[in-house]
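Structure at a glance
The chain contents come next:
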Amino acid sequence: MSTVPAPRRRTFRRWFATLGWRHVVGIVVTAYAAFPLLYVLSASLDPSGTLAGSSRLFATIDLGNYRELFTDPSRPYGKWFVNTLVVGGITAIGTVFLGALAAYAFSRMRFTGRRFGLMSLMLIQMFPQMLAVVAIFILMSTIGDVFPSLGIGTHAGLILVYLGGALGVNTYLMYGFFNTVPVSIDEAARLDGASHAQIFFGIILRLVTPILAVVGLLAFITATSEFVIASVFLTDPDQQTLSVGLFGYVSEQTSTNWTIFAAGAVLAAIPVMVVFLALQRYIVNGLVSGSVK
C-alpha cells in the first residue's frame, strides 16, 4: 500500500527568497512615493504659514489655509481654477482631434512628403518648447496687433501655442496606434461607398479610443501644469492659471505663504486625478499597442 508523501512545509527563508522580497520592495517604493504627498497634505492643514514647523505629519489640523485661498481678493484662486480647467480641457480636446486627423492621414494616405513629414515631427520634438519662448512672444504679439483676441494675455492665444507644441509627439504616438487597425476595414467600408470622413468618424475613432484617451490625458496634464509659457502670456491676475497664480504665493523674498501654497497645490491636483481615474482603463492598452506596432 503506497502512501502519499506529506507536502514539504514552506519555510520563511524559502518564501522570502521567492516572493517576500518583492513585498518589501513594494512597501519601500510605496512609502517613498507617498511621503511627499502626505507631507504636502499635512502642510496644507498647518496654520503656521511656513514649513519650518511641519516636521511632524498632521500635528495640527486646520482648514484656514483653504479658506484663505477663496477669500483673498488680490489672488482670485477660484478664477485661476476655472481658467485652468478651460485651458486644459480645450487644449486636450483640440490636441486629440487635430492629432487624430493628422495620424489618420499619415497612416492611411500616401502622398508626397509623407516620410519627410513624419521625420520632421519626430526631430522637432527633440527641442523643448521653452527654447522658443522669445520667438513665440514676438509672434503672438504681432498676431495680437491684428487679432486682439489671439494675442498676449488671452486664453485663446495660449491654447494655440499649446496645440502647436503638443501636436508633434502626439501625432506620432497616435500614428503608431492607427497602424494597428487593419487596412482591410477601410477597404471594406470603401466598397460600401464610405468616404474618408465617414471611415474616420464612424469606424476608426471608435477602434482607437484607448490612444485618444491617453493623448487627451497627457495633453490635459501638460496644459494644467505648464508654467514658463503661461507666465509670459498671462499677466492679468484674473486670466492666470493655477501654476502661475500659485507661484505668486512663494515668489516673495520673505514669503510666509507656503502652507497656503500647499493647500492650493492639493486642490489643483484634484482635476488631474479625476481625469486619470476616469481614463485609467485605457492607459496601458493605448500606450502598449502603439509602441508594439
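You'll find the structure just up there.
In what follows, the accompanying structure is described. It should be emphasised that the depicted structure is a prediction, and the values quoted were computed from it without experimental measurement.

Thoughts on the overall build of the protein
Each helix and strand in the protein was counted, giving 12 helices and 0 strands. Tracing the protein from N to C terminus, the helices and strands come up as α-α-α-α-α-α-α-α-α-α-α-α. Across the 293 residues that make up the protein, the buried fraction comes to 36%. When contacts within the protein are restricted to residue pairs at least 6 apart in sequence, those whose partners lie at least 24 apart make up 70%.

Observations concerning helix α5 (residues 133–146)
Here α5 is 14 residues long and its end C-alpha atoms lie 20 Å apart, about the 20 Å a rise of 1.5 Å per residue gives. Buried within α5 are the following residues: Val-133, Ile-136, Met-140 and Gly-144. The arc that holds the buried residues of α5, viewed along the axis, is 70°, so those residues lie on one side. Exposed residues on α5 whose side chains face more than 90 degrees from its buried face are Val-134, Ala-135, Leu-139, Asp-145 and Val-146. Where α5 is buried, its residues contact α6 (155–178) and α10 (228–233).

Reading the values: rules and limits
- Residues numbered from 1 in each chain as written.
- Predicted model: local features only at pLDDT ≥ 70, side-chain atom pairs only at ≥ 80, totals over all residues.
- Heavy atoms only, no water.
- Helix = DSSP H or I, 4+ residues; strand = E, 2+ residues; numbered from the N terminus.
- Buried < 20%, exposed > 50% of the residue type's maximum accessible area, 1.4 Å probe, protein only.
- Contact = heavy atoms within 4.5 Å.
- Expected span 1.5 Å × (residues − 1).
- Arc of directions from axis to C-beta.

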